[in-house]
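# Results of the structural survey
So you can see what is in the structure, the chains are spelled out below.
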Amino acid sequence: MPLTEIDLLQDLGWMVITAALFAYLGRLLKMPSIVSYIFAGIALGPVLDLVEVGQSLYLISKLGIALLLFLVGLELSFDKIRDVGRVAVVAGLGQVVFTALGGLLLCLALGFNFMASLFLAVGLTFSSTVVVVKLLDQKGDLSRLYGRIAVGIFLVQDLVVIAVLTLLSGLDRTDGWSILGLGSGLGKALGGMLLLLAVVLLASRFLLPRLFGWASRSPDTIFIWALFWCLLTTGLAGLLGLSLEVGAFLAGVALAQSRFSGDLHRRLHPLMSFFVAIFFVTLGIRTDLSAAVDNWQASLILSLFVLVGNPLIFMIIIVRMGYSEWTAFRTSLTVAQISEFSFIFATMGLAAGLVDESVLSITTLVGIVTIAVSAYMIIYTDQIYAVCRRAGVLKIFRARAEPEPEASDQRRGHMIVVGMNALGREIVRKLVRRGEQVLAVDTDPAKLDQVEGAETFIGNVEYESVLEEIGLPDSRLVISALQIEDFNQLLAYRCRSAGVPCAIHAFDPSVIQDLVDLEVRYLLSPSLEGVVIQHQLLQEQGLLAEIVKGSK
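Residues numbered from 1 in each chain as written. Predicted model: local features only at pLDDT ≥ 70, side-chain atom pairs only at ≥ 80, totals over all residues. Heavy atoms only, no water.

### Looking at the overall build of the chain
Looking only at helices and strands, the chain features 24 helices and six strands. A total of 552 residues make up the chain; the buried ones form 51% of that total. Taken as a whole, the chain presents about 25300 Å² of accessible surface, with 62% of it coming from carbon and sulfur. (Helix = DSSP H or I, 4+ residues; strand = E, 2+ residues; numbered from the N terminus. Buried < 20%, exposed > 50% of the residue type's maximum accessible area, 1.4 Å probe, protein only. Areas by Shrake-Rupley, 256 points an atom, 1.4 Å probe, with all protein chains shown as cover.)

Shown next, in the form of structure tokens:
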């Protein structure tokens with residue numbers, strides 16, 4: 001094996017081990033993984049000098065950027081924010097304008113030149129979709145009003161990001177800074193952006209539903225198709241003179257409007273997590289600590305501007321749009337950090353020769369401070385709100401105190417049927433006829449299309465996130481019609497852990513004993529031999545009387 005390959009594997013080994021260690025420590029402190037990865041990179045690079053960023057690591061980190069933005073795009077479904085579109089647009093655009101102008105003036109006042117001030121100001125403008133969505137999901141607040149407003153704001157910001165990335169793609173130092181060269185570059189970038197957007201929207205409407213509908217029947221196939229679509233769109237973006245970030249983001253947005261987005265997000269997340277970790281560890285390795293130390297005062301001032309200024313701007317805008325003090329305050333706290341895009345802008349500016357290492361170092365330092373502090377602000381929103389209200393700080397906004405009523409879409413008291421084969425569909429049909437609230441679950445949308453009268457869900461219940469989405473802990477009964485032994489045992493175990501009764505398809509007599517040991521309440525047996533064995537086992541376990549009583 002060539003020496004360079006050995007060095008690459010060794011560097012990757014150091015990065016993965018250190019990232020895992022810092023991620024574990026960060027989890028104990030409830031610190032976002034992004035911050036933990038940056039600290040891991042700082043330890044490996046500037047502190048211990050164990051890893052240097054070569055061309056191979058740089059390419060891997062670029063792939064991490066693409067997958068990160070692809071996943072960000074997958075989060076941005078227009079249907080999820082349709083009811084809060086107006087406030088999202090007004091607050092999102094209003095904050096972008098105020099923060100960008102305020103950040104530019106502040107950076108100029110701190111002594112930075114115009115180009116450095118411009119990149120720093122852009123970096124301060126946007127909030128982190130990845131961090132906030134993950135924290136809100138962890139709290140179970142994504143479906144609440146303030147969570148939907150926050151996600152809508154991030155969607156607006158991310159669309160502005162694409163416009164900025166397009167403009168950045170049009171800046172070419174090889175043409176100098178003449179008005180003609182600059183105008184030509186921006187014109188090409190804008191034209192390429194419009195063409196790519198048209199292609200992506202048409203594919204989202206007419207091509208992708210059919211392709212992914214076919215591919216969704218196989219977990220491996222849909223996984224490969226998703227990666228193919230992401231790389232295809234990024235490649236097309238490159239041919240049109242755009243950055244790969246633009247292509248990857250639009251590829252994700254196109255799929256976010258489909259019914260497969262949730263399942264794709266869950267399947268791609270482990271792979272994305274690896275490459276994202278490599279990207280942020282690489283960012284930490286490239287951080288110039290001396291530049292960060294030299295500019296620590298400016299970094300602190302810019303961090304305070306984001307932590308205080310962004311929530312203040314949003315508070316004013318959202319209150320003026322008629323929302324309550326409670327909703328405005330909680331929404332405002334979600335935006336008190338800079339975005340993963342901020343690091344990407346700084347990295348692109350450095351690669352293009354538009355800024356120097358100090359801008360990347362300052363951006364990294366501001367990112368560490370704001371993401372870490374805002375994470376705790378989001379986690380302890382209720383406590384911070386109570387303190388501010390008792391202190392009378394919120395009275396200056398003159399907002400009404402009564403919060404808006406929440407429309408809960410959480411499922412309760414429903415029955416879950418997993419596996420839409422002939423048996424599963426028949427069970428659903430009979431339960432619906434009895435007037436039960438039924439949720440049909442399968443990984444194949446074609447099978448779910450044959451279900452009538454019940455809500456459907458595309459997903460694999462082996463994922464714990466799927467169990468939360470389908471409301472397994474709050475269900476009345478879980479039924480598996482599948483003939484997959486390991487899967488049925490795992491589902492039975494999780495039902496037992498949640499205290500939810502389940503009915504499992506005992507498709508073979510050999511599986512009955514294991515299911516009884518897992519305390520399965522009901523067994524579905526297809527053969528006379530299975531019925532006899534099942535009867536004997538249930539009598540031995542003392543469960544027969546209970547089942548007979550429940551079936552009456």
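Structure's up, so let's keep going.
### Some details on the side chain of Thr334
Inspection of the secondary structure assignment puts Thr334 in the loop between helix H14 (325-333) and helix H15 (340-351). Exposure remark for Thr334: the relative accessible area of 1% places this residue in the buried category.

### Topic: the confidence of the model for the chain
Residue-level pLDDT values for the chain average 81, and 89% of them are 70 or greater. Confidence over residues 543-552 falls short of pLDDT 50; this stretch has nine contacts with residues more than four positions distant or in other chains. (pLDDT = per-residue confidence, 0-100. Contact = heavy atoms within 4.5 Å.)

### With respect to the environment of Leu120
Assignment of secondary structure puts Leu120 in helix H5 (residues 114-125). When its relative accessible area of 4% is taken as the criterion, Leu120 is described as buried.

### Digging into helix H18 (residues 422-433)
With twelve residues, H18 extends 17 Å between its outermost C-alpha atoms, agreeing within 8% with the 16 Å of an ideal straight helix rising 1.5 Å per residue. Along H18, the residues that are buried comprise Gly424, Ile427, Val428 and Leu431. Taken end-on, H18 shows its buried residues confined to a sector of 100°, consistent with a single buried face. Away from the buried face of H18 by more than 90 degrees, exposed residues Ala422 and Arg433 are located. Each element contacted by the buried residues of H18 is listed here: strand S1 (415-418), strand S2 (438-442), strand S4 (477-480) and strand S6 (522-524). Residue Gly435 follows H18 closely and has a positive phi angle near 90°. (Expected span 1.5 Å × (residues − 1). Arc of directions from axis to C-beta.)

### A few points about a negative patch on the surface
A surface patch of negative charge is lined by Glu462, Glu485, Asp486, Asp508, Asp514 and Asp517. When contributions to the negative patch are tallied by element, the ones reaching two or more residues are helix H21 (485-498) and helix H22 (512-517). Position of Asp514 relative to the elements: it lies in helix H22. (Patch = residues over 30% accessible without salt bridge, like charges linked within 9 Å, V, L, I, M, F, W, Y side chains within 5 Å. Salt bridge = Lys/Arg side-chain N within 4 Å of Asp/Glu carboxyl O. Lys, Arg positive; Asp, Glu negative; His and termini not counted. Charge placed at Lys NZ, Arg CZ, Asp CG, Glu CD.)

### With respect to the nonpolar core
Counting residues in each nonpolar core, the largest one holds 146 residues, and the members touching the most others are Phe70, Phe212, Trp229, Phe249 and Phe280. Here this core gets 13 residues from one element, more than from any other, and that element is helix H7 (residues 145-169). Setting aside chain neighbours within four positions, we find Phe280 in contact with Ile34, Tyr37, Ile38, Leu68, Glu340 and Phe343. Formed by 27 residues, the second largest nonpolar core is a distinct cluster that contains Val441, Leu467, Phe487 and Ala492. (Core = buried A, V, L, I, M, F, W, Y, C linked by side-chain atoms within 4.5 Å.)

### Focus: the packing of aromatic side chains
One pair of aromatic rings is described through two measures. These are the centre distance and the angle between the planes. Here the structure, examined in full by the defined rule, presents seven aromatic pairs. Geometrically, the ring pair formed by Tyr146 and Trp326 is edge-to-face, given 6.2 Å between the ring centres and 90° between the ring planes. Remark: Trp326 occurs in helix H14 and Tyr146 occurs in helix H7; sequence separation between them is 180 residues. Here the two residues Tyr146 and Trp326 agree in accessibility, since each one is buried. On the basis of an interplanar angle of 85° and a centroid distance of 5.5 Å, the ring pair of Trp225 and Phe228 is categorised as edge-to-face. Of this pair, Trp225 and Phe228 both sit in helix H9 (residues 219-239), three residues apart, roughly one helical turn. Take Phe228: its relative accessible area is 43%, and that puts it in the partly exposed class. Within the aromatic cluster, the residues linked to one another by ring pairs are Phe279, Phe280 and Phe343. (Phe/Tyr/Trp six-rings, centres within 6.5 Å; stacked < 30°, edge-to-face > 60°.)

### Some points on the pairing of S1
Of the two faces of S1, the one lined by Met415 and Val417 and the one lined by Ile416 and Val418 are each fully buried. The pairing of S1 with S2 spans four bridges and is classified as parallel. From the neighbouring strand, Ile416 faces S2, where its bridge partner is Leu439. The parallel pair S1 and S2 is bridged by H18, and the resulting crossover is right-handed. As judged from the four bridges shared by S1 and S4, these two strands associate in the parallel manner. Its bridge partner being in S4, Val418 is matched across the sheet by Ser480. (Pairing = 2+ DSSP bridges. Right-handed = clockwise from strand over helix to strand, strands pointing away.)

### Focus: the pattern of salt bridges
Inspection of the entire model under this criterion finds eight salt bridges. Linking Glu426 and Arg429 is a salt bridge whose minimum nitrogen-to-oxygen distance equals 2.4 Å. In this pair, Glu426 and Arg429 are both assigned in helix H18, three residues apart and thus about one turn of the helix distant. Shared partners join several salt bridges into a network, and the residues in it are Glu426, Arg429 and Lys430.

### A short note on the sheet that holds S1
Judged by pairing direction, the sheet is parallel, and its six strands sit side by side in the order S3-S2-S1-S4-S5-S6 without closing on themselves. Of all strands in the sheet, those bounded by a partner on one side alone are strand S3 (455-458) and S6. Here the average twist between neighbouring strands, direction ignored, is 20°. Bridge count for S2 against S3 is four bridges, and the pairing is parallel. The partner of Ala440 across the bridge, within S3, is Thr456. Along the sheet, H21 makes contact with S1, S4 and strand S5 (502-505), crossing S5 at roughly 170°. (Axes fitted to C-alpha atoms, helices over the stretch in contact; angles between N-to-C directions.)

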